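# Report on the structure
This is what each chain is made of:
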Amino acid sequence: MQIDLLDTAIAVLGENNAIARAATAALTANGGRIVADAPRADILLVSCPLVAAAPQGDLSALLRDARAAATAMSARDHGRILFLLPALAALPMRRHPLYGAEMAGILALMRGLAMQFGPRVLVNAVGLGPIAEETLIAGDPAQLSHIPQGRPGTIAEAVAAILFFCDPLNTYTTGQMLAVDGGWSAGYGRNF
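Analysis parameters
Residues numbered from 1 in each chain as written. Predicted model: local features only at pLDDT ≥ 70, side-chain atom pairs only at ≥ 80, totals over all residues. Heavy atoms only, no water. Helix = DSSP H or I, 4+ residues; strand = E, 2+ residues; numbered from the N terminus. Rg over C-alpha atoms; globule rule 2.2 N^0.38 Å. Contact = heavy atoms within 4.5 Å. Areas by Shrake-Rupley, 256 points an atom, 1.4 Å probe, with all protein chains shown as cover. Lys, Arg positive; Asp, Glu negative; His and termini not counted. Charge placed at Lys NZ, Arg CZ, Asp CG, Glu CD. Buried < 20%, exposed > 50% of the residue type's maximum accessible area, 1.4 Å probe, protein only. Right-handed = clockwise from strand over helix to strand, strands pointing away. Pairing = 2+ DSSP bridges. Core = buried A, V, L, I, M, F, W, Y, C linked by side-chain atoms within 4.5 Å. Axes fitted to C-alpha atoms, helices over the stretch in contact; angles between N-to-C directions. Parallel < 35°, antiparallel > 145°, perpendicular 65-115°, else oblique. Left-handed = near helix turned anticlockwise from the far one by under 90°. Nonpolar A, V, L, I, M, F, W, Y, C, P; charged D, E, K, R; others polar.

### Regarding the overall build of the chain
- Along the chain, the regular secondary structure elements total four helices and eight strands.
- When the helices and strands of the chain are placed in sequence order, the string is β-α-β-β-α-β-α-β-β-β-α-β.
- For 192 residues, the compact-globule estimate of 2.2 N^0.38 gives 16 Å, and the C-alpha radius of gyration of the chain, at 16 Å, lies within 12% of that figure.
- Contacts in the chain between residues at least 24 apart in sequence constitute 77% of all its contacts with a sequence separation of at least 6.
- When the accessible surface of the chain is summed, it comes to about 8,700 Å², and 57% of that surface belongs to carbon and sulfur atoms.
- Looking at charge distribution, the chain has the averaged site of its 13 positive side-chain charges lying 6 Å from that of its 15 negative ones.

Structure below.
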């Protein structure tokens with residue numbers, strides 16, 4: 001997918017996973033440039049743990065940093081924040097009640113930031129189901145038997161959704177989580 005970012009400043013906070021790295025590469029390939037200071041970014045990717053077994057770290061510091069970036073973006077009168085979340089942020093799994101609750105809290109914060117900082121800052125999320133290359137890098141293996149698409153997603157499919165939210169032509173979408181989960185959240189996930 002091609003978008004025109006015209007020297008847009010991009011920062012990444014949180015987990016350094018294959019999807020965040022691929023998204024960063026795609027954004028720079030489309031004209032963006034990486035900055036180290038999140039409040040100076042025009043686009044901020046907030047990469048949350050995408051696998052329940054992954055170490056969670058200090059998510060409260062991550063969320064404080066995202067909020068500080070939103071405040072700085074709002075003062076400049078523009079910006080985008082995109083959270084990378086597991087799909088179970090919107091639909092919990094019995095297998096991971098604490099992780100699901102923590103991710104649902106981040107989804108609620110994302111929506112709160114969208115309300116607080118709109119219309120100057122667009123804040124959205126991509127909710128990832130099972131994504132695999134050689135191994136599963138997002139989601140839970142148990143989801144795989146309940147996906148209408150019958151397969152895990154690819155990093156390229158996840159990045160396409162990320163680029164949709166970062167596209168300068170997308171000026172009206174905020175407070176939304178787009179589930180890139182092969183249809184798991186459409187109903188099959190309720191078997192858990």
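### Focus on the pairing of strand 5 (residues 121-128)
- The element strand 5 is extensively covered by neighbouring structure, given that eight of its eight residues are classed as buried.
- Crossover handedness for the path strand 4 (residues 79-86) to helix 3 (residues 97-117) to strand 5: right-handed.
- Looking at chain direction, strand 5 and strand 8 (residues 177-180) are connected through four bridges and run parallel. Residue pairing across strands places Leu-128 opposite Val-180, the latter belonging to strand 8.

### Details of the nonpolar core
- Judged by nonpolar contacts, the single largest core of 39 residues is most densely connected at Leu-44, Ile-81, Phe-83 and Leu-85.
- Elements represented by at least two residues in this core include exactly strand 1 (9-14), strand 3 (43-47), helix 2 (59-76), strand 4, helix 3 and strand 5.
- Residues contacting Phe-83, with those up to four places away along its chain left out, are Val-46, Cys-48, Leu-63, Ala-66, Ile-106, Leu-109, Met-110, Leu-113, Val-123, Asn-124, Ala-125 and Val-126.
- Core analysis: the next-biggest nonpolar cluster, separate from the first, contains 26 residues, Ile-3, Leu-5, Ala-20 and Ile-131 among them.

### Brief notes about the sheet that holds strand 3
- An order of 2-1-3-4-5-8 is seen for the six strands of this open sheet, with the pairing classed as parallel. Lying at the two open borders of the sheet, with one neighbouring strand each, are strand 2 (33-34) and strand 8.

### Some details on the packing of helix 2 against helix 3
- Between helix 2 and helix 3, the least distance of the axes is 11 Å, while the angle of their chain directions is 15 degrees. One element, helix 2, and the other, helix 3, form an angle in the roughly parallel class. Seen from above, helix 2 lies across helix 3 with right-handed handedness. Across from Leu-59, Leu-63, Arg-67, Ala-70, Thr-71 and Ser-74 in helix 2, the residues of helix 3 making contact are Glu-102, Met-103, Ile-106, Leu-109, Leu-113, Gln-116 and Phe-117.
- Here the residues of the contact of helix 2 with helix 3 are counted per class, giving eight nonpolar, three polar and two charged.

Everything listed is a geometric property; what it means functionally is a separate question.
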